[in-house]
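Spelled out, the chains give:
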Amino acid sequence: MTTPVLEVPVLEVRGLRKHFPIRQGLLGRVTGQIRAVDDVSFSIAHGETLSLVGESGCGKTTTSRCILRAIAPTSGKILFRDEHGDAIDVAGLDRKGLRPLRRRMQMIFQDPFSSLNPRMTIAEIIGEPLLVQGMRDTRERETRVADLLRLVRLPAAYLNRFPHAFSGGQRQRIGIARALALNPSLIVADEPVSALDVSVQAQIVNLMLDLQDQLGLTYLFVAHDLSVVKHVSHRVAVMYAGRIVETAPTKQLFTSPKHPYTEALLSAVPVPDPRRRAHRIVLEGDVADPSNPPPGCHFHPRCKYATEQCRTEVPALTEIEPGHAVSCLRAAELSLRGVASGS
Amino acid sequence: MAEPILQVRGLSTYFFADEGVVRAVDGASFDLYPGRTLGIVGESGCGKSVTARSILRIVERPGRIVGGEILLRRHSGQVVDLVTLPSDGSAMRQIRGGEIGLVFQEPMSSLSAFHTVGVQLIEAIRLHSPLSKKAARARAIELLALVGIPRPAHRIDAYSFELSGGLRQRVMVALALAAEPHVLIADEPTTALDVTTQAQILELIARLQRERDLAVILITHDMGVIAEMADDVVVMYLGREVEKGPVDAIFHAPRHPYTQSLLRSIPSVLAEPRARLATISGSIPHPLARPAGCPFHPRCPDAMPGRCDADVPVEVSFADNHVTACHLYTEPVA
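Helix and strand content of chain A: nine helices and 12 strands. A compact globule built from 343 residues should have a C-alpha radius of gyration of about 20 Å, and chain A, at 21 Å, falls within 12% of that. Taken over the C-alpha atoms alone, chain A extends approximately 70 × 60 × 45 Å along its principal axes. Residues classed as buried in chain A amount to 56% of the 343 residues present. In chain A, 65% of the contacts between residues at least 6 apart in sequence involve partners at least 24 apart. Working note: accessible area of chain A is about 15200 Å², and carbon and sulfur atoms make up 50% of it. In chain A, the 42 positive side-chain charges and the 35 negative ones have mean positions that sit 4 Å from each other.

Residue and element names in this part refer to chain B. For strand S7 (residues 183-187), the buried fraction is high: five of the five residues fall into the buried class. Alternating positions in S7 separate into two faces, Val183, Ile185 and Asp187 on one and Leu184 and Ala186 on the other, with burial throughout. The pairing of S7 with strand S8 (residues 215-220) spans five bridges and is parallel. Residue pairing across strands places Ile185 opposite Ile217, the latter belonging to S8.

So, on to the interface of chain B and chain A. The interface of chain B with chain A comprises 48 residues on the first partner and 53 residues on the second. Taken together, both faces of the contact between chain B and chain A bury some 4400 Å²; the carbon and sulfur share is 53%. Area buried by chain B at its contact with chain A is led by Val269(B), Leu270(B) and Arg274(B), which between them contribute 20% of it. At the boundary of chain B and chain A, one finds five salt bridges. Where Asp213(A) meets Arg274(B), a salt bridge forms, and the shortest distance between an N and an O atom there is 3.8 Å. Linking chain B to chain A there are 27 residue pairs in polar contact (both at pLDDT 80 or more). Listing elements by their share of the side of chain B that touches chain A, those giving two or more residues are helix H8 (195-212), helix H9 (223-229), helix H10 (247-252) and helix H11 (257-265) of chain B. A total of eight residues in the side of chain B that touches chain A trace back to one element, the largest contributor, which is H8(B). Considered class by class, the residues forming the side of chain B that touches chain A number 24 nonpolar, 15 polar and nine charged.

Another aspect to go through is the packing of aromatic side chains. The final tally for this structure, using the stated rule, is 10 aromatic pairs over all chains. Arranged with centres 5.2 Å apart and planes meeting at 65 degrees, the rings of Tyr261(A) and Phe299(A) form a pair that is edge-to-face. A residue pair is termed long-range when its members are at least 10 positions apart, and Tyr261(A) in helix H9 (residues 260-268) and Phe299(A) in the loop between H9 and strand S11 (318-321) qualify at 38 residues. Taking relative accessible area as the criterion, Tyr261(A) reaches 0% and is therefore assigned buried. By relative accessible area, Phe299(A) is classed as buried at 2%. By the ring-pair criterion, three or more aromatic residues cluster together here, those being Tyr240(A), Tyr261(A) and Phe299(A). Geometry around Phe318(B) places Arg255(B) over its ring, the cationic atom sitting 3.7 Å from the centre.

Next up on the list: the sheet that holds strand S11 (residues 315-317) of chain B. All names here are of chain B. Across the sheet, eight strands lie side by side as S6-S7-S8-S3-S9-S10-S12-S11; this open sheet has mixed pairing. Single-partner strands in this sheet number two, and they are strand S6 (100-103) and S11. Put simply, the sheet's adjacent strands are angled 20 degrees from each other on average, direction ignored. Examined bridge by bridge, strand S3 (residues 37-41) and strand S9 (residues 232-237) share four bridges and lie parallel to one another. In the strand pairing of S9, Gly39 is matched with Val233. Contacts from helix H1 (residues 48-55) reach S3, S6, S7, S8 and S9 within the one sheet, and its direction differs from that of S8 by about 145 degrees. Strands in contact with helix H7 (residues 165-177) are S6 and S7; relative to S6, the strand with the most contacts, it is inclined by about 165 degrees.

A separate point is the nonpolar core. Formed by 78 residues in total, the largest nonpolar core has its most connected members in Ile176(A), Leu211(A) and Phe254(A). Other than its neighbours up to four places away in sequence, Ile176(A) contacts Ile108(A), Val152(A), Ile204(A), Leu207(A), Met208(A) and Leu211(A). In this structure, Ala136(B), Ala140(B), Ala176(B) and Ala178(B) belong to the second largest nonpolar core, which totals 37 residues.

How each quantity is defined
- As a convention, each chain's residues are numbered from 1 in the sequence order in which they are written.
- Chains and ligands are labelled by the order in which they are written, letters from A for the one and numbers from 1 for the other.
- In keeping with the predicted nature of the model, local features appear solely for residues at pLDDT of at least 70, side-chain atom pairs appear and are counted solely at 80 or more, and the whole-chain, interface and lining totals rest on all residues.
- Computation of side-chain values covers all heavy atoms of the structure but excludes hydrogens and water.
- In this text, helices come from DSSP runs of H or I with a minimum length of four residues, and strands from runs of E with a minimum of two, each type numbered from the N-terminal end.
- Throughout, the radius of gyration refers to the C-alpha atoms, and the reference size of a globule is 2.2 Å times the residue count to the power 0.38.
- For the exposure calls, accessible area comes from a 1.4 Å probe over protein chains only, and a residue counts as buried if that area is under 20% of its type's maximum, exposed if over 50%, partly exposed in between.
- When checking whether two residues touch, look at their non-hydrogen atoms; a contact exists if any pair is within 4.5 Å.
- Here the Shrake-Rupley method, with its probe set to 1.4 Å, supplies the accessible areas, and only the displayed protein chains count as covering residues.
- Charged residues are defined here as Lys and Arg on the positive side and Asp and Glu on the negative side; His and the ends of the chain fall outside this count.
- By convention, the point assigned to a charge is CZ for Arg, NZ for Lys, CD for Glu and CG for Asp.
- Note on pairing: two strands pair once DSSP finds at least 2 bridges between them.
- A simple way to read buried area is as the amount of 1.4 Å-probe accessible surface that goes missing from two parts once joined, with both sides added.
- The salt bridge definition used is simple: a Lys or Arg side-chain nitrogen within 4 Å of an Asp or Glu carboxyl oxygen.
- Any pair of N or O atoms that falls within 3.5 Å is considered a polar contact. Within protein, one atom must be able to donate a hydrogen and the other to accept it, and sequence-neighbouring residues count only if both atoms are side-chain atoms.
- Charged means Asp, Glu, Lys or Arg here, nonpolar means Ala, Val, Leu, Ile, Met, Phe, Trp, Tyr, Cys or Pro, and polar covers whatever is left, Gly included.
- Side-chain rings of Phe, Tyr and Trp, where Trp is taken by its six-membered ring, are said to pair if the distance between their centres is within 6.5 Å; with planes under 30 degrees apart they count as stacked, over 60 as edge-to-face, and otherwise as tilted.
- Note on geometry: a ring has a charge over it if NZ (lysine) or CZ (arginine) is within 6 Å of the ring centre and within 35 degrees of the ring normal.
- Helix axes use the C-alpha atoms of the stretch in contact, all axes being lines fitted to C-alpha atoms, and the angles between their N-to-C directions lie in the range 0 to 180 degrees.
- The term nonpolar core refers to a set of buried residues drawn from Ala, Val, Leu, Ile, Met, Phe, Trp, Tyr and Cys, joined through side-chain atoms within 4.5 Å.

This is how it looks when you write it as structure tokens:
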């Protein structure tokens, strides 16, 4: 495994917060806050894939939507490197300021059936971002679109067809081609393979890996499926109730997790081998409610290692080995179980 | 092994659409035993859910069972062929819920939002047994406790939208078991759930099975869930059974090229980071355009031209009830 190293990260997120107000009553008074994202920091290097993983409501999608500025963050910095190498804080920009940066960040969506306009041909769908960004010459655009189709391994004969003629996997290839049209510096992929059948999912995972090697792409991969995450990521950040609880290089996170939530998450994944019917850690209760999270460590009510201190003290995300950070008061003393690799 | 409680023989369910006939299930045969779990696995359009709906006789039009038998050994010991019963007759209504319980994928849409959990449970209980309202309520609270809902006496008056996804799915399991059926059909019971909640629900189903000697049909697209839960497995592709057998044989000695390819293409937490996956070429054909011969032949690495694209393979049996329908194995095996 090669971990790309470049001094300057493509994206650096610092202390990101997104709180949604809870309004009640006739006057819509704010009676509380949902802390969907609560002090999240990470960075992604050029050519790297960072996966944000966690269960529903953990804040992974809200984080990615803040980065794309589909929504405005409550506070924090989102430093994005533009083509001149300058870091621009996307968090503070208005619509006009964002426009030149939009082309640098692209998105691959989860649902290939609803994310493509059914009235546009494939050529129009992939060519649209080129046109919007000022590529007026039809011939030039056609050449570029044909190149993009080749990149995602679709026959050029498909150019004038409409999305309904394609399977889920083919549509996801079209979505990837469109995302690549403007040579973006960052691609945010939110659950890009979770709606696909297994036999097709593998093709798209491989395509994303190949394109990254070929074009030096940088991915922020948002997913709930740890198996897929293992196959795509250089590094992984695990979120729980709006916070990152652990982040590490992929292999390290899977083989030697340091946060009890990561351990439980890994042990809950069904392994496709009946001879390995795992001795599972079955967590009690439900995922913490981000509008009313437990005090102290958000995970403590479900944690079998929790002590009195965990109920009151908020653990900070602390680096315990280079590149491996964890927010658990007992991280140093616990010896947790990961999943064996390569067997 | 005990007598099977359910035997499906040559079940075929077709959908007669304007554009043509979709052979959603085309000759499924399997046995289900008390205390055991039969996993039916496959990708979209393979017919796994239509198989379940056929057993319960809730196939919607333009779908129709066109052939085969579904033999259920009833509580009384009498064996009936469900295919011959009227789908909305009293016998079938007694069997649905009463003798065969059902858990669906989406607990939000299968529970009523307008009635409390208790009202729905009490209705299900009284539908199949002559209890008073009060006794049924006590029974409902017992059931909620059985499926691991904390503070059941309080939660019985909750509405489904007040519960988390995991608790809702537990209520679904309680509803399915309200009339003490001997057979439970779980159709993608954990697909909409998070992985830690999935682990809770799978554990719950396994525990209830042990306690009540339930025969379970588990329908899923997830090979991991199958490996974890099933004793016997049926692998389906485009309406046809391609391979079936004991879970260990399916995973460790698969014979059909589809099963083999499917197993290789599954991402795994045990893989090396960033390992490329083995792929199956192409995509699943549209159900109206099912390939002739073996439906898998256009994607099959071992396809034999002139054979696989012409003749439908017949099932070949091996030791240990391991069966596959593939021309690679057409020689009779002693």
